Amino acid sequence: MDRDELIAALERHGTEGAGRAALALCAGTSFQVWAGSTVPAGRLFAIWAWRAACLAEDGIVSRWDFDQGLPDLRRAGDTPVALGRVTTGEDSHLVFLTADLSSCVAVL
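Rules used in this analysis
Residues numbered from 1 in each chain as written. Predicted model: local features only at pLDDT ≥ 70, side-chain atom pairs only at ≥ 80, totals over all residues. Heavy atoms only, no water. Phe/Tyr/Trp six-rings, centres within 6.5 Å; stacked < 30°, edge-to-face > 60°. Helix = DSSP H or I, 4+ residues; strand = E, 2+ residues; numbered from the N terminus. Buried < 20%, exposed > 50% of the residue type's maximum accessible area, 1.4 Å probe, protein only. Pairing = 2+ DSSP bridges. Axes fitted to C-alpha atoms, helices over the stretch in contact; angles between N-to-C directions. Contact = heavy atoms within 4.5 Å. Salt bridge = Lys/Arg side-chain N within 4 Å of Asp/Glu carboxyl O.

Help me understand the packing of aromatic side chains, please; the structure alone is not making it clear to me.
In this description, an aromatic ring pair is defined by two values, namely the gap between the centres and the angle between the planes. Scanning the model with the defined rule gives one aromatic pair in all. Where tryptophan 48 meets phenylalanine 66, the ring centres are 6.4 Å apart and the plane angle is 35°; that geometry is what we call tilted. In this pair, tryptophan 48 is assigned in helix H3 (residues 41-57) and phenylalanine 66 in helix H4 (residues 66-75), connecting sequence segments 18 residues apart. Overall, the relative accessible area of 14% leaves tryptophan 48 in the buried class. Its relative accessible area of 11% is what places phenylalanine 66 among the buried residues.

Looking at this structure, how should I read the sheet that holds strand S3 (residues 92-98)?
By way of backbone hydrogen bonds, the strands of a sheet pair with one another, either parallel or antiparallel. Spatial strand order, S1-S2-S3-S4: four strands in an open sheet with antiparallel pairing. Whereas interior strands pair on both sides, the edge strands pair on one side only; in this sheet they are strand S1 (30-40) and strand S4 (104-107). Averaged over all neighbouring strand pairs, the angle between strand axes comes to 25°, with direction disregarded. Pairing of S3 with S4, which is carried by three bridges, proceeds in the antiparallel orientation. Within S4, the residue paired with valine 95 across the bridge is valine 107. Where H3 meets the sheet, its contacts fall on S1, strand S2 (80-87) and S3, and the angle it forms with S1 comes to roughly 115°.

Is there a simple way to explain the pattern of salt bridges in this structure?
Pairing of side chains with opposite charge becomes possible as their charged atoms draw close. In this structure the tally under the stated criterion is two salt bridges. The closest approach of N and O atoms between glutamate 16 and arginine 20, which form a salt bridge, is 3.3 Å. Remark: arginine 20 and glutamate 16 occur in helix H2 (residues 16-26); sequence separation between them is four residues, near one turn of the helix. Relative accessible area serves as the criterion here: at 57%, glutamate 16 is assigned to the exposed category. What makes arginine 20 partly exposed here is its relative accessible area of 35%. In this structure, arginine 75 engages aspartate 72 in a salt bridge whose closest nitrogen and oxygen atoms are separated by 2.4 Å. One end of the pair is arginine 75 and the other is aspartate 72, both in helix H4 and three residues apart, which spans about a single turn.

So this is what it looks like as structure tokens:
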């Protein structure tokens, strides 16, 4: 997946987190997509929902967009997703893409 394809997928997703990740990519930030393996979205939702709960319980404010990203990931159910990461200076966005990398499912 090249930069322009990822930007397009993020822009079509239309969430705030996807928009921030797309802007970072337009500015030249680094990214990686693990296209060779997919995992059911529900499995990743369980892991990240647990992580969000632990952070909240400990009073830690996260940069990840759990409020919008987790419901998107949960709605994807058993859909196989590929994971990506858009890295900025002090931040990163986790990007969940459909197995064919054509659409963004969620951004944390």
